[in-house]
Amino acid sequence: MTVLEDLAERLDNAALTATAIEQISERTDLSVHDAYRVQDLSISRRLDRGERPTGIKMGFTSREKMRQMGIDETIWGRLTDAMEITETLDPDRHIHPRAEPEIAFRLSRTPEPDEPPASLANAVGAVAPAIEIIDSRYADFRFNLADVIADNASSAAYVLGEWHACTGTINGLDVTLTVDGRVAESGSTPAILGDPLAALAAGARLAARYGRPLAAGDLVLAGAATAAVPLRAGTLVEARVEGLGSARFHVAEDTT
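Residues numbered from 1 in each chain as written. Predicted model: local features only at pLDDT ≥ 70, side-chain atom pairs only at ≥ 80, totals over all residues. Heavy atoms only, no water.

## Overview of the overall build of the protein
Within the protein one finds six helices and 12 strands. Against the globule reference of 18 Å for 256 residues, the protein gives a C-alpha radius of gyration of 17 Å, in line with a compact fold. Projecting the C-alpha coordinates of the protein onto the three principal axes gives extents of approximately 50 × 45 × 35 Å. Per-residue burial for the protein yields a buried fraction of 50% across its 256 residues. Counted over contacts in the protein with a minimum sequence separation of 6, partners at least 24 positions apart contribute 74%. For the protein, the accessible area works out to roughly 11300 Å², and carbon and sulfur atoms hold 46% of it. (Helix = DSSP H or I, 4+ residues; strand = E, 2+ residues; numbered from the N terminus. Rg over C-alpha atoms; globule rule 2.2 N^0.38 Å. Buried < 20%, exposed > 50% of the residue type's maximum accessible area, 1.4 Å probe, protein only. Contact = heavy atoms within 4.5 Å. Areas by Shrake-Rupley, 256 points an atom, 1.4 Å probe, with all protein chains shown as cover.)

Okay, structure coming up:
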C-alpha cells in the first residue's frame, strides 16, 4: 500500500466509524495534487462498496474564507447517492456535523472546462434549494488546505428541496437557515463567489483539471450562502431560498 492509499484508508475508516483522527498534515506533507489524489482514492473505496457518483460540491466559495486560508481558488469534493438524505440525519454516523444552506444545480448538458459563468446558465436544467452537511473527519474540526481536500472537502451528506426550471436570476436571493423555526443564519446568494454560477464555472474547471469532468445529469452544490451551524440531536433544520422554496431534514435523537 502506498502512502496516499494508506491516507485514503484512514480517512475512509474515520468516516465509516464516525471517529475523529489527527490531521494527516501532522505526519505527511502533501501537495494539493496529492491531496486530490487521496480524495479520489478514498471515494473509490466507497464506489467499490456500491455507492454511485451523483456530482460534486464546492468549498471555500466565500471570499473571506479564501483569504483566511490564503488561497485564491475554491476547492471541490465528490457526492454519491449514499450521501443524500430525504428526511432524517442519524447523528451517530457523524463526528461533529454542521449544516450550510446552498444552491444546487442539475446539469442538462456537459459544460466546457473554461466556460464563463454567463453561458453556463443554459447548462443548468434545474435549480433547487439545498443543505450540505459538512463533517470534518479531523479532531476539533481543524485542518489545513491539503487536509480538507483529502477529506473530500469535509462533505458528509446533502438534502435537496424541490427542483425548479432555471428561468430567472439566482443571484441576489435571500437565504435563511432555521433550527426549530428560529433563524440561525441569514445571508444571500452573492455570498457564493459573488454569483452561484461563478461557483459552477469553478467546479467545471476543477473537476476537468483533476480528471473527473462534469456531465449532463450531474448535481453541483454551489457552496455555502451563510456560516455553518452545528447540529443538535432532535432538531428540525430548514434552508429557505427566496423564490425557490426550502429544503429540510430532522436530526434524529442521539442514541449513544
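## Points about the pattern of salt bridges
In total, this model carries 15 salt bridges according to the counting rule given. With a shortest N-O distance of 2.8 Å, Arg 49 and Asp 12 are connected by a salt bridge. Pair noted here: Arg 49 is in the loop between helix 2 (32-48) and strand 1 (53-59) and Asp 12 is in helix 1 (residues 3-17), with a separation of 37 residues, a long-range link. Taking relative accessible area as the criterion, Arg 49 reaches 43% and is therefore assigned partly exposed. The salt bridge partner of Asp 40 is Arg 78, with a shortest N-O separation of 3.0 Å. Here the residue Asp 40 occupies a position in helix 2, and Arg 78 occupies one in strand 2 (residues 75-80), the gap between them amounting to 38 residues. Residue Asp 40 shares its accessibility class with Arg 78, and that shared class is buried. Put simply, Glu 9, Asp 12, Arg 45 and Arg 49 are held in one network by salt bridges that share partners. (Salt bridge = Lys/Arg side-chain N within 4 Å of Asp/Glu carboxyl O.)

## Overview of the side chain of Arg 46
With respect to the helices and strands, Arg 46 occurs in helix 2. Once residues within four sequence positions are removed from consideration, Arg 46 is found in contact with Asp 12, Glu 51, Thr 80, Met 83 and Asn 152.

## Describing the pairing of strand 4 (residues 98-107)
Of all 10 residues in strand 4, eight are buried; the element is thus mostly enclosed. In the sheet, strand 4 pairs with strand 10 (residues 229-230) via two bridges, with the strands oriented antiparallel. The residue of strand 10 that forms the bridge with Ala 99 is Val 229. With four bridges connecting them, strand 4 and strand 9 (residues 219-224) associate as antiparallel partners. Across the sheet, the residue bridging to Arg 106 is Leu 219, located in strand 9. (Pairing = 2+ DSSP bridges.)

## Describing the environment of Asp 92
Considering the arrangement of structural elements, one finds Asp 92 in the loop between strand 3 (88-89) and strand 4. Overall, the relative accessible area of 25% leaves Asp 92 in the partly exposed class. For the pair Asp 92 and Ile 43, spaced 49 residues apart in sequence, the C-alpha to C-alpha distance is 21 Å.

## Focus on the nonpolar core
Counting residues in hydrophobic clusters, the biggest one holds 55 residues, and the most contacted among them are Val 38, Ile 103, Phe 105, Leu 200 and Val 220. With nine residues, helix 6 (residues 196-209) is the single largest residue contributor to this core. Not counting residues up to four positions away in its chain, the partners in contact with Ile 103 are Val 127, Ala 128, Thr 189, Ile 192, Pro 196, Val 220, Leu 221, Ala 222, Gly 223, Val 241 and Leu 244. Core analysis: the next-biggest nonpolar cluster, separate from the first, contains 17 residues, Val 229, Val 237, Phe 249 and Val 251 among them. (Core = buried A, V, L, I, M, F, W, Y, C linked by side-chain atoms within 4.5 Å.)

## A look at the side chain of Thr 178
Among the structural elements, Thr 178 can be located in strand 7 (residues 174-179). The buried category is assigned to Thr 178, whose relative accessible area is 12%. Discounting residues that sit within four places of it in the chain, Thr 178 has contacts with Val 183, Ala 184, Leu 236, Val 237 and Glu 238.

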